[in-house]
Amino acid sequence: MKVTSLPADDANPGWFHTSAQRTPRPCATGEIRTRWAIVGAGLTGLSAARRLAERFPDDEVVLVEAQVVGFGPSGRNAGFAIDLPHDIGADDYIGDIDVARTVLKLNMVGQQSLKDIVAAHGIDCHLRASGKYQAAIEDRGVAVLDAYRRGLDKLGQPYEMIGGPDLPGHIGTGYYRQALYTPGTALVQPAALVKGLADTLPANVSLYENTPITGVEYGDKVVLTHAKGRFVADKLLLTNNAFAMHFGFLRGRMLPIFTYGSLTRPLTPTEQARLGGKDFWGLIPADPCGTTLRRTHDNRILVRNSFSFNADGRPDPDCLRRFKQRHRRSFKRRFPMLPDVPFEFTWGGSLAMSANHEGQFGQLAPNVYGALCCNGLGVTRGTATGLLLADWLAGERGEVIDFLLASPGPSRNPPRPLLDIGVNLTLAWSQHKAGQES
Ligand SMILES: Cc1cc2nc3c(=O)[nH]c(=O)nc-3n(C[C@H](O)[C@H](O)[C@H](O)COP(=O)(O)OP(=O)(O)OC[C@H]3O[C@@H](n4cnc5c(N)ncnc54)[C@H](O)[C@@H]3O)c2cc1C
C-alpha cells in the first residue's frame, strides 16, 4: 500500500535551531534486510530502538525517520517530562485512582529512563528536576486547581499551593491568581534531548534519517519502500504517532491536532532583572486550552498555546501566522515589563489525540506492533511505551505492561466531514472558554 501522507514540519522550530548542530545519519539506499524495523525516530521510536537493541544484542535494529531527528514533534514540544497523571478528560486531572496510580508508574518509567540515559551519556539537554506550576486566572481554573489538589491528596503526592501575591517571586509575572506547584516534573530542551538520544544509540541500531517510508507491504516479511530502496524486516514497530493511520492502522481513530510554540530571543541582564523570579521554571495552564510558559536555561521565554485540526498531519501556514499573533498577545498580557522582546522562532507540531484519551500499545497485525497516540504527553509516556513495547516483545510482563495491553485503544471518530466540523467547533469553543488563561 502507498503511504498517503508524509511528515513535512514547518521550518522554524526554536529548540531545534538553538540546540547544538549535529550531522544527521545518511538516508538509506538499496535493499536492507533486518530483523527489526522501527518507523519514526521521535521519543517513542528512539526509546524502543535502544531497548530492543539491549534486549536482542545479536539482532540488527533499523530505525527510520522521514525528517532529521529533533525536527519532528519530539523536538518541538514544551519539554515537560511530567510525572503525574494528567488526565485532561477528568475534572481533577487524576480520574480513577487505581488507573492514576498505574499511570504514575508508567510516567516514572519514562522519566527515569530519560534521566538515566542523559546521565550515563552526559547528554547536554538541560534536563532539570525543577517541578512545574499549574496556574489559574479564571474562576474555572481556580476550581480545577482545587479539584486537582484533592486528587493529589488521594494519590498521596506532594504539592504546594502558591497564592497570587507570592507568584512573582517564582515566575516574575503577577498575572496569575493562584498556582499549584508539584515538584516531580523535569524540564528539558527537547531537541537537544532527542539529538543526544539519537547520537548515543547502541551499536546494533542503524538509524536512517531523511528517509520517508512511502509504501508498505505486510506479510511473512514486512517490506518498507522509500525513494532509494527498501527495507525487508521480520518485524515492524510503528512509533510514528498519527502517521500510523497512513500505514493502515487506527484509521478514523486518531486525531492529528497541532499546537504552537514561540520562543523569544534571550533576555538581556536588564530584562532579566525587570522580570525577576527564578531563573528556570515551567508553567502549564489550569485550563488545558490555556497557555504554557517556560523560562529556559538560556533566558528565553517560551509561549505555547492554540490548537488546530490538520487531518493529514501536515502544518498549515495560515494557522502559524494567526497563532503567532495570539502568542504575542498572551506574552504582552503576562510580561508587560518586557515590552520590546520579540519572538525569534514560532512553530507548530502535531499531537496524536484520541476522543477517549487512550493510546495504542501492542500488536497491530501479524509481525506489526505499535506504541502510538501520545495524547499530548509523549515526553514521558512515549519514552515509557517505546521501552515497554521492546520489553514485551522480549517476553516480559508486569503491572504496567498489562495495563497498557488492556487498554481499549483509541475510540472511533465520527466520519468526515462531520469530524472536521465537530473538532473545529470544539477547539474554538474550548479556546474561547480558556478566557484570560489563553
Ligand atoms: C508545541 C508542542 C508542545 C508539546 N509539549 C509537550 C510537553 O511539554 N510534554 C509532553 O509530554 N508532550 C508535549 N507535546 C507532545 C509531544 O511532543 C509528543 O507527545 C511526542 O512528540 C510524541 O512522540 P512520538 O515519538 O510518539 O511521536 P513523534 O514525535 O511525532 O515522532 C514520530 C516521528 O515519525 C516520523 N514519521 C512519520 N511518518 C513517517 C514515515 N512515513 N516515514 C518515516 N518517518 C515517519 C515523523 O517525522 C516523526 O519524527 C507537545 C507537542 C507540541 C507540538
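The shown structure was predicted, so the numbers you read here are calculated from the model rather than taken from an experiment.

With respect to the overall build of the chain
Piece 1. Counting its regular elements, the chain contains eleven helices and 18 strands.
Piece 2. Computed over C-alpha atoms, the radius of gyration of the chain comes to 21 Å, within 12% of the 22 Å expected from 2.2 N^0.38 for 438 residues, which places it in the range of a compact globule.
Piece 3. Per-residue burial for the chain yields a buried fraction of 60% across its 438 residues.
Piece 4. Sequence separation of 24 or more characterises 77% of the internal contacts of the chain that already satisfy a separation of 6 or more.
Piece 5. As displayed, the chain has an accessible area near 16900 Å², and 53% of this comes from carbon and sulfur atoms.
Piece 6. Each charge class in the chain was averaged separately, 48 positive and 43 negative side chains, and the resulting centres sit 4 Å apart.

Structural notes on the layout of surface pockets
Piece 1. Approximately 280 Å³ is the volume found for the second largest pocket.
Piece 2. Residue lining of the second largest pocket: 16 residues in total, with Met245, Gly252, Ala311, Arg416 and Leu419 positioned closest to the centre.
Piece 3. Split by residue class, the lining of the second largest pocket holds nine nonpolar, four polar and three charged.

A look at the site of the ligand
Piece 1. In the vicinity of the ligand there are 35 residues, among which Thr44, Glu65, Ser74, Cys374 and Gly378 approach most closely.
Piece 2. Contacts to the ligand include Ala66, whose backbone N or O atom sits 3.0 Å from a nitrogen atom.
Piece 3. The separation between an oxygen atom of the ligand and a polar main-chain atom of Gly378 is 2.8 Å.
Piece 4. If the ligand stood free it would expose 1000 Å²; the protein chains cover 96% of that surface.

A short note on the sheet that holds strand 15 (residues 301–309)
Piece 1. The strand order 5-6-4-13-14-15-12-16 describes an open sheet built from eight strands, whose pairing is mixed. With one partner strand each, in any of the chains shown, strand 5 (160–163) and strand 16 (343–353) form the two edges of the open sheet. Taken pair by pair, the neighbouring strands of this sheet meet at an average axis angle of 25°, ignoring direction.
Piece 2. Against the sheet, helix 11 (residues 418–433) makes contact with strand 12 (255–264) and strand 15, and its axis sits at roughly 145° relative to strand 15, the strand it touches most.

So, the packing of aromatic side chains
Piece 1. The final tally for this structure, using the stated rule, is eleven aromatic pairs.
Piece 2. With a centroid separation of 5.4 Å and an interplanar angle of 85°, the aromatic rings of Tyr175 and Tyr176 are classed as edge-to-face.
Piece 3. Accessibility expressed as a relative area gives 17% for Tyr175, which makes it buried.
Piece 4. Residue classification places Tyr176 among the buried positions, given a relative accessible area of 3%.
Piece 5. Aromatic side chains Phe331 and Phe335 sit 5.1 Å apart centroid to centroid with 45° between the ring planes, which places their arrangement in the tilted category.
Piece 6. In this structure Phe335 comes out as buried when scored by relative accessible area, which is 1%.
Piece 7. Among the aromatic residues, ring-to-ring pairing joins Phe331, Phe335 and Phe343 into one connected group.
Piece 8. Sitting above the plane of the Phe280 ring, Arg128 keeps its charged end 4.0 Å from the centroid.
Piece 9. Lys195 extends its terminal NZ or CZ atom over the ring of Phe16, reaching a point 4.3 Å from the ring centre.

Looking at the packing of helix 2 (residues 43–55) against helix 9 (residues 378–393)
Piece 1. With their axes 7 Å apart at the nearest point, helix 2 and helix 9 run at an angle of 30° to one another. With respect to each other, helix 2 and helix 9 are oriented roughly parallel. The two elements helix 2 and helix 9 meet at a crossing, and its hand is right-handed. Where helix 2 abuts helix 9, its residues Leu43, Thr44, Ser47, Ala48, Arg51, Leu52 and Arg55 lie against Gly378, Val379, Gly382, Thr383, Thr385, Gly386, Leu387, Ala390, Asp391 and Leu393.
Piece 2. Class assignment of the residues belonging to the contact of helix 2 with helix 9 gives a composition of seven nonpolar, seven polar and three charged.

Digging into the environment of Leu419
Piece 1. You can see Leu419 is positioned in helix 11.
Piece 2. For the pair Leu419 and Gly252, spaced 167 residues apart in sequence, the C-alpha to C-alpha distance is 9.3 Å.
Piece 3. Non-local contacts of Leu419, meaning those with residues more than four positions away in its chain, are made with Leu255, Phe309, Asn413 and Pro414.

Calculation rules
- Residues numbered from 1 in each chain as written.
- Predicted model: local features only at pLDDT ≥ 70, side-chain atom pairs only at ≥ 80, totals over all residues.
- Heavy atoms only, no water.
- Helix = DSSP H or I, 4+ residues; strand = E, 2+ residues; numbered from the N terminus.
- Rg over C-alpha atoms; globule rule 2.2 N^0.38 Å.
- Buried < 20%, exposed > 50% of the residue type's maximum accessible area, 1.4 Å probe, protein only.
- Contact = heavy atoms within 4.5 Å.
- Areas by Shrake-Rupley, 256 points an atom, 1.4 Å probe, with all protein chains shown as cover.
- Lys, Arg positive; Asp, Glu negative; His and termini not counted.
- Charge placed at Lys NZ, Arg CZ, Asp CG, Glu CD.
- 1 Å grid on protein atoms, 1.4 Å probe; cavity = no way out; pocket = protein on both sides within 12 Å on 5 of 7 lines; lining within 4 Å.
- Points joined across faces, edges and corners; volume = space filled by probe spheres on them.
- Nonpolar A, V, L, I, M, F, W, Y, C, P; charged D, E, K, R; others polar.
- Near = heavy atom within 4 Å.
- Polar contact = N/O pair within 3.5 Å; in protein donor to acceptor, adjacent residues only side chain to side chain.
- Pairing = 2+ DSSP bridges.
- Axes fitted to C-alpha atoms, helices over the stretch in contact; angles between N-to-C directions.
- Phe/Tyr/Trp six-rings, centres within 6.5 Å; stacked < 30°, edge-to-face > 60°.
- Lys NZ or Arg CZ within 6 Å of the ring centre and 35° of its normal.
- Parallel < 35°, antiparallel > 145°, perpendicular 65-115°, else oblique.
- Left-handed = near helix turned anticlockwise from the far one by under 90°.

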